[in-house]
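# Chains, contacts and geometry: an overview
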Amino acid sequence: MPKPSRLTPLALATFLSLCTSTWAQDAEILHLQGPGDRRATEVQNWEAAQARQQVAPGGFVRTRESARMALLLADQTQIRLNQNTVLQVKAVANQGNTTRLSLGQGRAWAQTRNVGAGGPLTVETPAATAAIRGTDWELDVGPDGRTQLTVLSGTVTLSNALGSLDVGRNEAAIAEVGKAPVRLQLSNPRERVQWVQALTAQPLRHIDGSAVPAPLQSAWQALQRGDSAAVQAALGTETNAWADVLRAADHTQAGRVAQANEALRRALLDPQAPAAAHLLLADLQLVNGEADAAGRTLEAGLARHPSDPDLLALLARTQLLADQLDQAQATLQRPRRSDSTSHWLAQGDLARRQGAVAGTLSAFERATQATPADPRGWQALGSAQGEREDLAKARAALAKALSLDRQSPGAVGELATVEAQANRIAAAEQLFQEALQANPGDYVAQTGLGLLRLKQGRAAEALDALLRAGVMEPRYSRAASYTAVAYYQLGRHTDARAALQRAIELDDKDPVPHLLLAQIHTDLFEADVAVQAARAAVARLP
């Protein structure tokens, strides 16, 4: 899950200057998780899509089962597509024209602020047209064309030939073919877009190799090597719960999510199924945006495996993802049968969300002590130290994490960011290149690259990198703060303030967005508001 990132005031205060921007054309596929396709026109055949491909106006993209796609349009609109979704980019804003999209089926989340002179961005569906004016929103189009709109910020007009209505922040509406749009009441609209978060299932971390039965050790070793054929051969026709857990892990690594779910549900029919079965299933449910279902899976696991530290830790993380901090704290206070890295990582993430700097560092240090060979503890500790600008310690901790696992998600990008903070430009550039070559959707690396470009006075390039980070992980507060700085450098003061408000929503304990708001209001001669923002910043200083 994304971690709040508190940046020291000094890290941003020197970046508030103006410059100009130019942008590339069309739309770009930033990231593809699972199978997806594109085609240039409606009459052409689909071909496999991949990251870094362009989609010209008139082109289509689609995701298949258990797939996700992220796109960035030339007008700076950020789009995420869920599984089984078809989107057409009909036009991209240019020379006074408006951006027009068509969502034929599936679910799409998007965020846009740069509404062109030609009018609002529009999205057509079989049942209605949505006109977007600077907002973030989700559209869900069913097989029958039934369209559900959820607005998280801004205003969207949903209309068809039979009626029209304006849908505002935290509101929803439904349009059906042949019927006028109507409002819909949702108790928590943000639950609708949990699937947008940048989560990936990591099955090997949920399996204790020493607990795998001896007859299945060869399958476990093949799984660690990533040799799917050897895993399946070693498992043969074994039908016990452990065999199904290993099958599920293999299916997950290979992107066969439906088969993984089937194997895990079969494993859980056995009352003696290991805790790993519950952990793997909950992990897949979280990736799919099903936090409530994941919580139920983990509680069921705890009913069978009371005090299991890894089940408790993942349950606390699930609650943190749902912004249930009190429940997460209560979960971490429940008795556990042993210490674990997972527990201390969750404890550190909770302390981070609570703004407890000492508690954050202490918990992550305990994580490194619980399992020194686990790179996650070192990476979390290095990230937290980097936020405090304790760069020597951060560099050492992140280097240790990478020595244990060079592929640890986000670790190279974190180290690159530390080097950028230290003005070691050549080292930072090399590390960012490594991180983004391995994974163009690495939002940690894209955010750090945005910081580096800001420090170099290249605000347009910084904004490009930061928008890429924001579409991959909209909840990453570090990216939101840096994005505000880029907007301000480009003279887009309204967008800068909106980005800072977003950063505050993501992490209300962080003083930096308030400090930057104070400086912006001061520059604009808005003294009263500047004083209020400055007081809010001081109240949050550690």
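A brief structural summary. Being a predicted model, the structure only gives us computed values, none of them experimental. (Residues numbered from 1 in each chain as written. Predicted model: local features only at pLDDT ≥ 70, side-chain atom pairs only at ≥ 80, totals over all residues. Heavy atoms only, no water.)

### With respect to the overall build of the protein
Each helix and strand in the protein was counted, giving 21 helices and 15 strands. For 542 residues, the compact-globule estimate of 2.2 N^0.38 gives 24 Å, and the C-alpha radius of gyration of the protein, at 23 Å, lies within 12% of that figure. C-alpha extents for the protein along the principal axes are approximately 65 × 55 × 40 Å. If you take every contact in the protein between residues at least 6 apart in sequence, the share linking residues at least 24 apart comes to 54%. (Helix = DSSP H or I, 4+ residues; strand = E, 2+ residues; numbered from the N terminus. Rg over C-alpha atoms; globule rule 2.2 N^0.38 Å. Contact = heavy atoms within 4.5 Å.)

### Let's talk about the packing of helix α11 (residues 357-370) against helix α12 (residues 375-387)
In the contact formed by α11 and α12, the axes pass within 8 Å of each other and the chain directions differ by 155°. In terms of axis orientation, α11 runs roughly antiparallel to α12. Of the two elements, α11 crosses α12, and the hand of that crossing is left-handed. Side by side, α11 and α12 meet where T360, L361, F364, E365, A367 and T368 of the first sit next to G377, W378, A380, L381, A384 and Q385 of the second. (Axes fitted to C-alpha atoms, helices over the stretch in contact; angles between N-to-C directions. Parallel < 35°, antiparallel > 145°, perpendicular 65-115°, else oblique. Left-handed = near helix turned anticlockwise from the far one by under 90°.)

### Brief notes about the pairing of strand β8 (residues 86-91)
Sheet topology note: the strand β5 (residues 59-63)/β8 ladder contains 4 bridges and is antiparallel. Bridge pairing links F60 to Q88 in β8. (Pairing = 2+ DSSP bridges.)

### Section: the packing of aromatic side chains
Tallied over the entire structure, the rule returns 2 aromatic pairs. Geometrically, the ring pair formed by W46 and F60 is edge-to-face, given 6.4 Å between the ring centres and 80° between the ring planes. One end of the pair, W46, is in the loop between β2 (36-39) and β3 (47-48); the other, F60, is in strand β5, with 14 residues separating them in the sequence. On the numbers, 4.9 Å between centres and 80° between planes, the contact of Y443 with Y476 is edge-to-face. Within this pair, whereas Y443 is found in helix α16 (residues 443-455), its partner Y476 is found in the loop between α17 (459-472) and α18 (477-489), the two being separated by 33 residues in sequence. In this structure, R39 is placed above the aromatic ring of F60, and the distance from its NZ or CZ to the ring centre is 5.1 Å. (Phe/Tyr/Trp six-rings, centres within 6.5 Å; stacked < 30°, edge-to-face > 60°. Lys NZ or Arg CZ within 6 Å of the ring centre and 35° of its normal.)

### Here's the deal with empty space enclosed by the protein
Tallied over the full model, the rule gives 5 cavities of 30 Å³ or more. Taken as a whole, the largest cavity encloses approximately 220 Å³ of empty space. Looking at the largest cavity, it is lined by 19 residues, and the ones nearest its centre are Q78, Q111, G470, A480 and T483. Mapped onto the lining of the largest cavity, the elements with two or more residues apiece are β9 (100-112), α17, α18 and α19 (493-506). Of the residues that constitute the lining of the largest cavity, the class distribution is 10 nonpolar, 6 polar and 3 charged. (1 Å grid on protein atoms, 1.4 Å probe; cavity = no way out; pocket = protein on both sides within 12 Å on 5 of 7 lines; lining within 4 Å. Points joined across faces, edges and corners; volume = space filled by probe spheres on them. Nonpolar A, V, L, I, M, F, W, Y, C, P; charged D, E, K, R; others polar.)

### A look at the nonpolar core
The biggest cluster of nonpolar side chains holds 38 residues, and the ones touching the most others in it are W109, Y443, L454, L463, V471, Y487 and L500. Those elements giving two or more residues to this core turn out to be β6 (68-73), α16, α17, α18, α19 and α20 (512-523). Of the residues forming this core, the biggest block, 8 residues, is contributed by α17. Within the second largest apolar cluster, 36 residues are counted, among which are L71, I79, A130 and V167. (Core = buried A, V, L, I, M, F, W, Y, C linked by side-chain atoms within 4.5 Å. Buried < 20%, exposed > 50% of the residue type's maximum accessible area, 1.4 Å probe, protein only.)

### Side note on the pattern of salt bridges
Throughout the structure, instances matching the rule amount to 39 salt bridges. The partner of R468 in a salt bridge is E28, and the shortest N-O contact between them spans 2.7 Å. Remark: E28 occurs in strand β1 (residues 27-33) and R468 occurs in helix α17; sequence separation between them is 440 residues. Residue class for R468 comes out buried when judged on its relative accessible area of 17%. Of the charged contacts in the structure, one is a salt bridge between R336 and D339, with a shortest N-O distance of 3.5 Å. Accessibility expressed as a relative area gives 30% for R336, which makes it partly exposed. (Salt bridge = Lys/Arg side-chain N within 4 Å of Asp/Glu carboxyl O.)

### Brief notes about α19
The terminal C-alpha atoms of α19, which comprises 14 residues, lie 20 Å apart, in line with the 20 Å expected from a rise of 1.5 Å per residue. Within α19, the full set of buried residues consists of D495, A496, A499, L500, R502, A503, I504 and L506. Summarising the contacts, the buried residues of α19 are in contact with α18 and α20. (Expected span 1.5 Å × (residues − 1).)

### What about the environment of R107?
The residue R107 is located in strand β9 in this model. With 34 residues separating them in the primary sequence, R107 and V141 have C-alpha atoms 6.3 Å apart. In terms of polar contacts, R107 uses its side chain to reach the side chain of E138, at 2.6 Å. (Polar contact = N/O pair within 3.5 Å; in protein donor to acceptor, adjacent residues only side chain to side chain.)

### Quick word on the side chain of T341
Turning to its location among the elements, T341 is positioned in helix α10 (residues 341-354). Among the residues examined, T341 registers a relative accessible area of 3% and is labelled buried. Polar side-chain contacts of T341 include one of 2.7 Å to the side chain of T371. Leave out the neighbours within four places in its chain, and T341 touches A367, A370, T371, D374, R376 and G377.

### Some details on α18
With 13 residues, α18 extends 19 Å between its outermost C-alpha atoms, agreeing within 8% with the 18 Å of an ideal straight helix rising 1.5 Å per residue. Across the 13 residues that make up α18, a large majority, 13, are buried. Residue G491 follows α18 closely and has a positive phi angle near 80°.

### Looking at the packing of α17 against α18
Direction vectors running N to C along α17 and α18 enclose 150°, while the axes themselves pass 9 Å from each other. When the axes of α17 and α18 are compared, the pair comes out roughly antiparallel. For the crossing formed where α17 meets α18, the hand is left-handed. Between α17, through A459, L463, L466, L467 and A469, and α18, the contact on the second element is made entirely by A479, Y482, T483, A486, Y487 and Q489. Of the residues assigned to the contact of α17 with α18, the class counts are 9 nonpolar, 2 polar and no charged.

### Side note on the environment of D523
Examined against the element boundaries, D523 turns out to sit in helix α20. You can call D523 partly exposed: its relative accessible area is 35%. As a C-alpha pair, D523 and V357 span 166 residues in sequence and 31 Å in three-dimensional space. Of note is the side chain of D523, whose polar atom sits 2.7 Å from the side chain of Y488.

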